[in-house]
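# Coordinate analysis (summary)
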Amino acid sequence: MTGELTHFDSAGQARMVDVSDKEATVRVARAGCRVEMKPETLALIASGGHAKGDVLGIARIAGIMAAKRTADLIPLCHPLPLSSVELALRCDAEHSRVEIEATVKVTHRTGVEMEALTAASVAALTVYDMCKAVDRGMVVTDLRLLHKSGGRSGTYEAQP
């Protein structure tokens, strides 16, 4: 860790990081989160019996769309030509939750951590939105970067 915040100039003003001197490399980031809910809500999602349709399929599309719009949402993010965005959503009956992982890939001069985090969080919010009529007590939790590779800072793996 460098110990400095890169989005501020020497006068403390917010700035977009200049990546023009960086090498374009393949960069991958994976982020995850969970949506905890009542067992009945999870059963409704898993069975496909929700009146609004395929909750996990729609959340997957929402996450993909969100990754592509990250620079529009996070003020100092660079707009990136994403190579791929994949979302995996899994019903975990034992813990009564939907587990979400987003993996984003690009060949560029800056990483895709924010795109992966945005994809996972918007997918989770979509699950919440689609199910709030039956379970307003759902909790979106544990949003975090799980993996990143490529670029000068090397590889990062989150601890389990």
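Attention here is on the structure that accompanies the text.

What counts and what doesn't
- Residues numbered from 1 in each chain as written.
- Predicted model: local features only at pLDDT ≥ 70, side-chain atom pairs only at ≥ 80, totals over all residues.
- Heavy atoms only, no water.
- Helix = DSSP H or I, 4+ residues; strand = E, 2+ residues; numbered from the N terminus.
- Buried < 20%, exposed > 50% of the residue type's maximum accessible area, 1.4 Å probe, protein only.
- Contact = heavy atoms within 4.5 Å.
- Areas by Shrake-Rupley, 256 points an atom, 1.4 Å probe, with all protein chains shown as cover.
- Polar contact = N/O pair within 3.5 Å; in protein donor to acceptor, adjacent residues only side chain to side chain.
- Axes fitted to C-alpha atoms, helices over the stretch in contact; angles between N-to-C directions.
- Left-handed = near helix turned anticlockwise from the far one by under 90°.
- Salt bridge = Lys/Arg side-chain N within 4 Å of Asp/Glu carboxyl O.
- Pairing = 2+ DSSP bridges.

Let's shift gears to the overall build of the protein chain. Each helix and strand in the protein chain was counted, giving four helices and five strands. For the protein chain, the sequential pattern of α-helices and β-strands runs β-α-α-α-β-β-α-β-β. In terms of its C-alpha atoms, the protein chain occupies a principal-axis envelope of roughly 50 × 30 × 30 Å. Looking at the protein chain as a whole, 39% of its 160 residues qualify as buried. Partitioning the contacts of the protein chain with sequence separation of at least 6, the portion at a separation of at least 24 is 70%. Entry remark: accessible area of the protein chain is about 9200 Å², with carbon and sulfur atoms responsible for 54%.

Moving on, we get to the side chain of Glu99. Secondary-structure assignment places Glu99 in strand E3 (residues 97-108). Using a relative accessible area of 19% as the deciding quantity, one classes Glu99 as buried. A polar contact is formed between the side chain of Glu99 and the side chain of Arg97, at a distance of 3.0 Å. Not counting residues within four places of it along the chain, the set of residues in contact with Glu99 comprises Cys33, Arg34, Ala88, Leu89, Arg90 and Asp92.

Attention shifts here to the packing of helix H2 (residues 55-68) against helix H4 (residues 113-131). Orientation of H2 relative to H4, taken along the N-to-C sense of each, is 145°, at an axis distance of 7 Å. Where H2 crosses over H4, the two elements pack in a sense that is right-handed. Seen from H2, the contacting residues are Val55, Ile58, Ala59, Ala62, Gly63, Ala66 and Ala67; seen from H4, they are Glu115, Thr118, Ala119, Val122, Ala123, Thr126, Val127, Met130 and Cys131.

A few words on the pattern of salt bridges. Evaluation of the coordinates by the stated rule reveals eight salt bridges. A salt bridge links Arg34 to Glu99, with the shortest nitrogen-to-oxygen separation between them at 3.7 Å. You can see Arg34 sitting in strand E1 (residues 25-36) and its partner Glu99 sitting in strand E3, a full 65 residues away along the chain. Classification of Arg34 by relative accessible area gives partly exposed; the value is 28%. With a closest N to O distance of 3.3 Å, Arg97 and Asp92 form a salt bridge. Looking at Arg97, the relative accessible area reads 12%, which means it is buried.

Remark: a regular strand shows side chains that alternate across the two faces of the sheet. For strand E2 (residues 84-92) and E3, the ladder comprises nine bridges, and the chain directions are antiparallel. Its bridge partner being in E3, Ala88 is matched across the sheet by Glu101. Hairpin connection of E2 to E3: four residues between the antiparallel strands, including Ser96 at a positive phi of 55°.

It is worth spelling out the pairing of E3 at this point. Two elements, E1 and E3, share 12 bridges in a ladder whose sense is antiparallel. Note on E3: the bridge partner recorded for Arg30 is Thr103.

In short, geometric facts, not functional conclusions.
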